[in-house]
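Close look at the chain arrangement
Residue-level listing of the chains:
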Amino acid sequence: MVEEVKPRVKVPKSAKAGEVVTIKALISHKMESGQRKGSDGNLIPRQIINRFTCDLNGVNVIDVAIDPAVSTNPYFEFDAKVDAAGEFKFTWYDDDGSVYEDVKPIELG
């Protein structure tokens with residue numbers, strides 16, 4: 001059975017220029033550490049989200065290196081200063097080479 005990896009993010013629809021907003025990002029992922037054994041007694045291969053980034057209008061807001069100790073379905077909550085309307089781009093990088101992305105707009109209001 002193939003697990004569906006699904007990113008979910010929550011960004012306010014608008015902010016005042018210079019306002020600091022709270023961003024919430026979660027990805028559904030099993031985060032297999034590579035240290036557990038399967039029913040056959042062999043180690044289950046490591047497969048984790050190893051990096052998470054968020055950019056606002058092409059400028060990096062956060063860049064996180066993730067270790068195997070992070071739990072299933074990693075969740076991040078962080079603040080970002082909004083100086084202009086635009087788009088937040090969220091990117092998760094998987095050990096298997098997969099890249100998952102989500103984009104959310106924000107307006108000035």
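Heads up: the structure comes first, above all this text.
Below: a short report on this structure. A quick note: this is a predicted structure, and the numbers were derived from the prediction, not measured. (Residues numbered from 1 in each chain as written. Predicted model: local features only at pLDDT ≥ 70, side-chain atom pairs only at ≥ 80, totals over all residues. Heavy atoms only, no water.)

**Comments concerning the pairing of strand 4 (residues 49-56)**
Of the pairings in the sheet, the one linking strand 4 to strand 7 (residues 86-94) comprises seven bridges and is antiparallel in character. The partner of Phe52 across the bridge, within strand 7, is Trp92. Between strand 4 and strand 5 (residues 59-65), which pair antiparallel in sequence order, lie two residues; one of them, Asn57, sits at a positive phi of approximately 55 degrees. (Pairing = 2+ DSSP bridges. Helix = DSSP H or I, 4+ residues; strand = E, 2+ residues; numbered from the N terminus.)

**Quick notes on the sheet that holds strand 1 (residues 6-10)**
The antiparallel open sheet is built from three strands, whose spatial order is 1-3-6. Both outer strands of the open sheet, strand 1 and strand 6 (75-82), are each paired with one neighbouring strand and no more. For this sheet, the mean inter-axis angle between neighbouring strands, taken without regard to orientation, is 25 degrees. Summarising the sheet, strand 1 and strand 3 (residues 19-28) pair through five bridges and their orientation is antiparallel. Each residue of the ladder has a partner; that of Arg8, found in strand 3, is Leu26. (Axes fitted to C-alpha atoms, helices over the stretch in contact; angles between N-to-C directions.)

**Details of the pattern of salt bridges**
Using the criterion set out here, one finds four salt bridges in the structure. Arg51 is the salt-bridge partner of Asp63, the closest N and O atoms lying 2.7 Å from each other. Residue Asp63 is located in strand 5, and its partner Arg51 is located in strand 4; the two are separated by 12 residues in the primary sequence. By relative accessible area, which is 41% here, Asp63 ends up partly exposed. (Salt bridge = Lys/Arg side-chain N within 4 Å of Asp/Glu carboxyl O. Buried < 20%, exposed > 50% of the residue type's maximum accessible area, 1.4 Å probe, protein only.)

**Notes on the sheet that holds strand 7**
The five strands lie next to each other as 2-8-7-4-5, forming an open sheet whose pairing is mixed. The open sheet has two free edges, formed respectively by strand 2 (14-15) and strand 5, since each of these has just one partner strand. In this sheet, strand 8 (residues 99-108) lies alongside strand 7 in antiparallel orientation, the contact comprising eight bridges. Each residue of the ladder has a partner; that of Phe88, found in strand 8, is Lys104.

**Comments concerning the packing of aromatic side chains**
Two measures describe an aromatic ring pair: the distance that separates the ring centres and the angle between the ring planes. Under the criterion given, the structure shown has five aromatic pairs. Centre to centre, the rings of Phe52 and Phe76 are 5.0 Å apart; their planes meet at 5 degrees, and the pair counts as stacked. Taken together, the residues span a long stretch of sequence, with Phe52 in strand 4 and Phe76 in strand 6 at a distance of 24 residues. Of the two residues, Phe52 and Phe76, neither departs from the other in class, the shared state being buried. Ring pairs connect the aromatic residues Phe52, Phe76, Phe78, Phe88, Phe90 and Trp92, which therefore count as one cluster. (Phe/Tyr/Trp six-rings, centres within 6.5 Å; stacked < 30°, edge-to-face > 60°.)

All quantities given are derived from atomic positions and should not be read as evidence of function.
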